[in-house]
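# Coordinate analysis (summary)
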Amino acid sequence: MGTPLTLEFLGGAREVGRSAILLDETLLLDFGMASGNPPQFPIGDVDPDAVVVSHGHLDHVGSIPALLSGDARPPVHWTQPTADLAMVLTRDTLTLHGGSYDCPFTEAELARLTQVSVTHDYSEPFDAAGYEVTFFDAGHIPGSAHVLIETPDGTRLLYTGDFHTEDQQLLAGTTARPDADVVICESTYADTTRPPRAEIERAFVESLEQTLWEGGTVVVPAFGIGRTQEVLCLCAEHDLPCYVDGMGKRVTDLLARPRNRPFLRDPNRLRRAKASARFVDGRNGQRKRIAEQNTVIVTTSGMLHGGPAMTYVPAIRTNPVNKIALTGYQVEGTPGRDLLETGSGEIDGRMLRVSAQVEQYDLSAHADRNGIESFLEPYRESRLFVTHGDRCEAFATTLRADGFDASAPSVGETVTLE
Ligand SMILES: [Zn+2]
């Protein structure tokens with residue numbers, strides 16, 4: 001390598017949430033926020049020349065409008081789906097929390113986002129702050145990208161963003177392994193090994209079919225971005241009647257738009273899913289009536305923090321034929337986790353006992369340990385930084401024992417690469 005590079009880890013290191021990495025004080029990779037009480041934002045004051053964004057999840061895009069205060073107008077480079085999702089998420093943050101500490105930007109700053117947005121396709125290099133940058137399909141959610149950055153003197157840095165190595169309904173697993181001297185790798189599920197995706201999907205669908213056959217109602221709490229559409233695709237493929245509610249409705253519409261179709265594995269699959277799902281508007285007690293039907297209801301929030309699930313869960317909870325089929329990891333202390341472990345949980349401020357069945361299916365959009373290790377195999381000669389996980393240091397230690405040059409920087413750490 002020639003000129004030293006500096007990497008500042010401003011968030012999302014040894015933690016999940018508020019991802020942000022600053023390269024040479026000029027190029028910012030992601031600028032997220034960790035939702036929670038209180039929410040958390042990347043540390044420090046940054047004034048980048050350009051921003052490059054890996055994908056449209058809150059923990060990667062949530063704070064971006066805050067970069068547009070005063071005269072600052074750094075271009076924001078991303079794919080079209082990422083731009084669309086970022087607008088939905090940041091608009092939501094402003095609507096819910098504008099004017100409070102929980103929202104790090106104003107209406108004026110958010111309005112500037114469309115002016116600085118620059119969209120790119122995969123495998124088409126572009127310039128950002130004097131670096132050559134290329135996106136590769138990361139297989140995580142529609143539009144998600146691995147970000148390859150080449151410096152003027154030829155050093156190649158790969159920021160994986162979040163990724164999946166297995167095929168999902170909407171996306172094929174990542175196959176891109178561009179040469180890189182330095183790799184910054186996510187490790188969300190480095191502690192998990194799961195059965196093949198197809199097996200999990202089969203068990204999930206069979207469970208839904210069982211409850212419908214017995215005359216019950218299934219509530220499927222799901223994140224609005226990615227997970228909701230995955231479940232809708234499965235319902236359409238297996239002819240299961242389903243409603244969709246919450247943020248997932250808007251996101252389904254967005255992802256099905258012609259401009260975002262090139263980012264899907266099979267656009268017709270999502271089109272069919274959208275056509276067969278019934279969209280809930282929630283007017284005139286519609287939700288209570290739907291909850292009495294022999295149907296599947298896909299709704300936010302994924303961990304039962306809020307959203308229309310707060311109406312559906314109380315409505316179906318007393319009948320043991322009914323089911324709540326959770327679709328992902330449930331963070332400790334969330335109502336979803338409590339329901340799984342104790343059969344009771346705090347739903348919309350009330351402690352409720354649930355007689356309906358509660359099950360969990362790991363329809364994650366992240367690679368598991370085997371997936372991460374297979375992804376990293378070509379990078380044995382590279383310098384690795386493990387980020388975006390709860391046990392980054394432990395995973396870095398495991399990788400070192402396996403011969404990799406791996407470490408796990410912490411938030412606030414600056415690494416100089418000579
Ligand atoms: Zn993500």
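Right, let's walk through the structure included here. (Residues numbered from 1 in each chain as written. Predicted model: local features only at pLDDT ≥ 70, side-chain atom pairs only at ≥ 80, totals over all residues. Heavy atoms only, no water.)

Time to look at the overall build of the protein. When helices and strands are counted, the protein shows 13 helices and 22 strands. The globule rule puts the C-alpha radius of gyration for 418 residues at 22 Å, and the 21 Å found for the protein is close to it. Each of the three principal axes of the protein carries a C-alpha extent, and together these read 65 × 50 × 40 Å. Each of the 418 residues in the protein was classed as buried or not, and the buried ones make up 57%. Long-range pairs, those at least 24 residues apart, make up 69% of the contacts in the protein between residues at least 6 apart in sequence. Counting only carbon and sulfur atoms, one obtains 45% of the accessible surface of the protein, whose full area is about 16,500 Å². Here the protein carries 36 positive and 59 negative side-chain charges, and the mean point of each set is 9 Å from the other. (Helix = DSSP H or I, 4+ residues; strand = E, 2+ residues; numbered from the N terminus. Rg over C-alpha atoms; globule rule 2.2 N^0.38 Å. Buried < 20%, exposed > 50% of the residue type's maximum accessible area, 1.4 Å probe, protein only. Contact = heavy atoms within 4.5 Å. Areas by Shrake-Rupley, 256 points an atom, 1.4 Å probe, with all protein chains shown as cover. Lys, Arg positive; Asp, Glu negative; His and termini not counted. Charge placed at Lys NZ, Arg CZ, Asp CG, Glu CD.)

With that settled, the discussion passes to the sheet that holds strand 6 (residues 117-119). Strand order across the open sheet formed by seven strands is 6-5-4-3-2-1-22, with mixed pairing between neighbours. Every other strand in the sheet has two partners, leaving strand 6 and strand 22 (414-417) as the edge strands with one partner each. The mean angle between the axes of side-by-side strands here comes to 25 degrees, regardless of whether they run parallel or antiparallel. In this structure, strand 3 (residues 27-29) lies alongside strand 4 (residues 50-52), joined through three bridges in parallel fashion. Looking across to strand 4, one finds that Leu 28 is bridged to Val 51. Against the sheet, helix 2 (residues 80-97) contacts strand 5 (76-78) and strand 6, and its axis sits at roughly 120 degrees relative to strand 5. (Pairing = 2+ DSSP bridges. Axes fitted to C-alpha atoms, helices over the stretch in contact; angles between N-to-C directions.)

All right, on to the environment of Thr 174 then. Mapped onto the elements of the fold, Thr 174 is located in the loop between strand 10 (156-159) and strand 11 (182-186). Exposure remark for Thr 174: the relative accessible area of 4% places this residue in the buried category. Remark: the alpha-carbon pair of Thr 174 and Gly 139, spanning 35 residues in sequence, is separated by 4.9 Å. In this view, Thr 174 contacts Asp 137, Ala 138, Gly 139, His 146, Phe 163, His 164, Thr 165 and Phe 375; residues no more than four positions away in its chain are not counted.

On the protein side, the zinc ion has His 55 (NE2), His 57 (ND1), His 140 (NE2) and Asp 162 (OD) as donor atoms, found 2.2 to 2.3 Å from it. Given four donor atoms and angles of 90 to 167 degrees at the metal, the environment of the zinc ion is assigned as irregular. Within one chain, the residues donating to the zinc ion are spaced in sequence as H-x1-H-x82-H-x21-D. For the pair His 55 and His 57, one class covers both residues: buried. (Donors = N, O, S within 2.8 Å, 3.2 Å for Na, K, Ca; no water. Tetrahedral: all angles 85-135°; square planar, octahedral: opposite > 155°, others 65-115°.)

Where helix 5 (residues 197-213) meets helix 6 (residues 227-237), the closest approach of the two axes is 11 Å, and the angle between their N-to-C directions is 65 degrees. Judged on the interaxial angle alone, helix 6 and helix 5 are roughly perpendicular. Between helix 5 and helix 6 lies a crossing whose hand is right-handed. Residue-level contacts link Arg 197, Glu 201, Phe 204, Val 205 and Leu 208 of helix 5 to Glu 230, Val 231, Leu 234 and Cys 235 of helix 6. Of the residues belonging to the contact of helix 5 with helix 6, the class tally is six nonpolar, no polar and three charged. (Parallel < 35°, antiparallel > 145°, perpendicular 65-115°, else oblique. Left-handed = near helix turned anticlockwise from the far one by under 90°. Nonpolar A, V, L, I, M, F, W, Y, C, P; charged D, E, K, R; others polar.)

This next bit is on the sheet that holds strand 9 (residues 145-150). With respect to topology, seven strands assemble into an open sheet ordered 7-8-9-10-11-20-21, the strand pairing being mixed. Bordering the open sheet on either side are strand 7 (126-128) and strand 21 (405-407), each of which pairs with just one other strand. The average angle at which neighbouring strand axes cross in this sheet is 25 degrees, direction not considered. Bridge count between strand 7 and strand 8 (residues 131-137): three bridges; the pairing is antiparallel. Looking across to strand 8, one finds that Phe 126 is bridged to Val 133.

In this section: unusual backbone geometry. Following Asn 37, the chain continues into Pro 38 via a peptide bond in cis, with omega recorded as 0 degrees. In this structure, Arg 14 is a non-glycine residue whose phi angle is positive, near 55 degrees. By relative accessible area, which is 35% here, Arg 14 ends up partly exposed. With a phi close to 65 degrees, Asp 30 is a non-glycine residue in the positive phi region. Taking the relative accessible area as the measure of exposure, Asp 30 reaches 0% and is therefore buried.

A complete count under the given rule lists one cavity of 30 Å³ or more for this structure. What lines the largest cavity is Gly 11, Gly 12, Ser 19, Ala 20, Ile 21, His 60, Tyr 159, Gly 161, Asp 162, Glu 186, Thr 387 and His 388. Here the residues of the lining of the largest cavity sort into three nonpolar, seven polar and two charged. (1 Å grid on protein atoms, 1.4 Å probe; cavity = no way out; pocket = protein on both sides within 12 Å on 5 of 7 lines; lining within 4 Å. Points joined across faces, edges and corners; volume = space filled by probe spheres on them.)

This part covers the layout of surface pockets. Its boundaries defined by the atoms lining it, the second largest pocket holds a volume of some 160 Å³. Residues belonging to the lining of the second largest pocket are distributed by class as follows: six nonpolar, two polar and two charged.

How two aromatic rings sit relative to each other is given by the distance of their centres and the angle of their planes. Scanning the model with the defined rule gives eight aromatic pairs in all. Each ring, one from Phe 163 and one from Phe 375, has its centre 4.5 Å from the other, and the planes form 35 degrees; the classification is tilted. Residue Phe 163 is located in the loop between strand 10 and strand 11, and its partner Phe 375 is located in helix 12 (residues 369-376); the two are separated by 212 residues in the primary sequence. The burial state of Phe 163 is the same as that of Phe 375; both residues are buried. (Phe/Tyr/Trp six-rings, centres within 6.5 Å; stacked < 30°, edge-to-face > 60°.)

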